[in-house]
Amino acid sequence: MYVRLLLILPAFVLAQQVPQYRIGTSEEQPTAPPPSHPFEQATYYGAGLQPGWMSGIGLSFRVTTPLRWGGEATFGILKLRDFSFWCLGGELHYRLGLGSTYQTYLLAGLGYYSLSTDTKESSVWPVRFGLGLGAETFPIQWLALGAEIAITAYTNGDAIQVLPMPQFGVMYYFR
């Protein structure tokens with residue numbers, strides 16, 4: 001009896017170590033699920049408004065790609081009787097997370113701000129750049145409300161200032 005047990009036991013151990021493969025057609029093999037959000041399937045564009053002290057105040061245009069990269073350009077101008085203000089800026093985005101009602105992303109931005117009056121032209125800390133984190137929520141399909149916080153550097157004429165600057169926006173996405 002012990003001899004039979006000693007002969008059966010190694011055969012049992014070897015049988016447990018042999019990998020089990022399922023042989024079948026490719027139709028029977030499970031496939032990866034398709035991307036769940038349209039931003040993962042195609043390039044989308046957005047148009048909206050953004051007030052921000054890093055990359056611009058005004059009208060915004062945005063591009064987001066399935067490869068997680070995107071960008072934004074912002075331009076604004078305000079002309080009153082004795083002064084005019086304008087700014088131009090842009091951002092580069094890298095998407096971190098995407099759900100059915102939100103998206104988060106890293107951002108790098110740059111902006112130029114100018115203020116001129118009838119008496120003189122001056123800059124309002126003209127060049128600003130920063131790095132930060134942004135998030136958008138979609139309360140209605142394709143309409144996004146966004147908020148960004150960026151560590152922003154600029155000069156006030158005397159020294160370089162580094163501060164966290166918030167930005168907000170409303171964006172409508174389309175193809």
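The sections below set out a description of the structure shown in this document. Worth saying up front: this structure is predicted, and the values here are computed from it rather than measured. (Residues numbered from 1 in each chain as written. Predicted model: local features only at pLDDT ≥ 70, side-chain atom pairs only at ≥ 80, totals over all residues. Heavy atoms only, no water.)

1. With respect to the nonpolar core
Here is step 1: Ranked by size, the top nonpolar core spans eight residues in total: Phe-39, Ala-42, Tyr-44, Leu-98, Phe-138, Ala-144, Met-171 and Tyr-173.
Here is step 2: Setting aside anything within four residues of it in sequence, one finds Leu-98 in contact with His-37, Phe-39, Glu-40 and Gln-103. (Core = buried A, V, L, I, M, F, W, Y, C linked by side-chain atoms within 4.5 Å. Buried < 20%, exposed > 50% of the residue type's maximum accessible area, 1.4 Å probe, protein only. Contact = heavy atoms within 4.5 Å.)

2. Thoughts on the environment of Tyr-105
Here is step 1: Positionally, Tyr-105 belongs in strand β5 (residues 102-117).
Here is step 2: Between the alpha carbons of Tyr-105 and Ala-135 there is a distance of 6.3 Å; along the sequence they are 30 residues apart.
Here is step 3: Setting aside anything within four residues of it in sequence, one finds Tyr-105 in contact with Arg-62, His-93, Tyr-94, Arg-95, Leu-96, Gly-132, Leu-133, Gly-134, Ala-135, Glu-136 and Glu-148.
Here is step 4: There is a polar contact of 2.8 Å between the side chain of Tyr-105 and the side chain of Glu-148. (Helix = DSSP H or I, 4+ residues; strand = E, 2+ residues; numbered from the N terminus. Polar contact = N/O pair within 3.5 Å; in protein donor to acceptor, adjacent residues only side chain to side chain.)

3. Re the pattern of salt bridges
Here is step 1: According to the stated counting rule, one finds three salt bridges in the structure shown.
Here is step 2: Note that Glu-136 and Arg-62 form a salt bridge whose closest N and O atoms lie 2.4 Å from each other. Of this pair, Glu-136 sits in strand β7 (residues 127-140) while Arg-62 is found in strand β2 (residues 58-64), placing the two residues 74 residues apart along the sequence.
Here is step 3: Owing to a relative accessible area of 4%, Glu-136 belongs among the buried residues under this scheme.
Here is step 4: A residue is classified by how much of its surface remains accessible, and Arg-62, at 4% relative accessible area, is buried.
Here is step 5: Between Glu-148 and Arg-62 there is a salt bridge; the shortest N-O distance is 3.9 Å. Separated by 86 residues along the polypeptide, Glu-148 in strand β8 (residues 143-155) and Arg-62 in strand β2 bring together distant segments of the chain.
Here is step 6: The exposure class assigned to Glu-148 is buried, which follows from its relative accessible area of 7%.
Here is step 7: Residues joined by salt bridges that share partners form a network here, namely Arg-62, Glu-72, Glu-136 and Glu-148. (Salt bridge = Lys/Arg side-chain N within 4 Å of Asp/Glu carboxyl O.)

Note that all results are geometric; they support no functional claim without further evidence.
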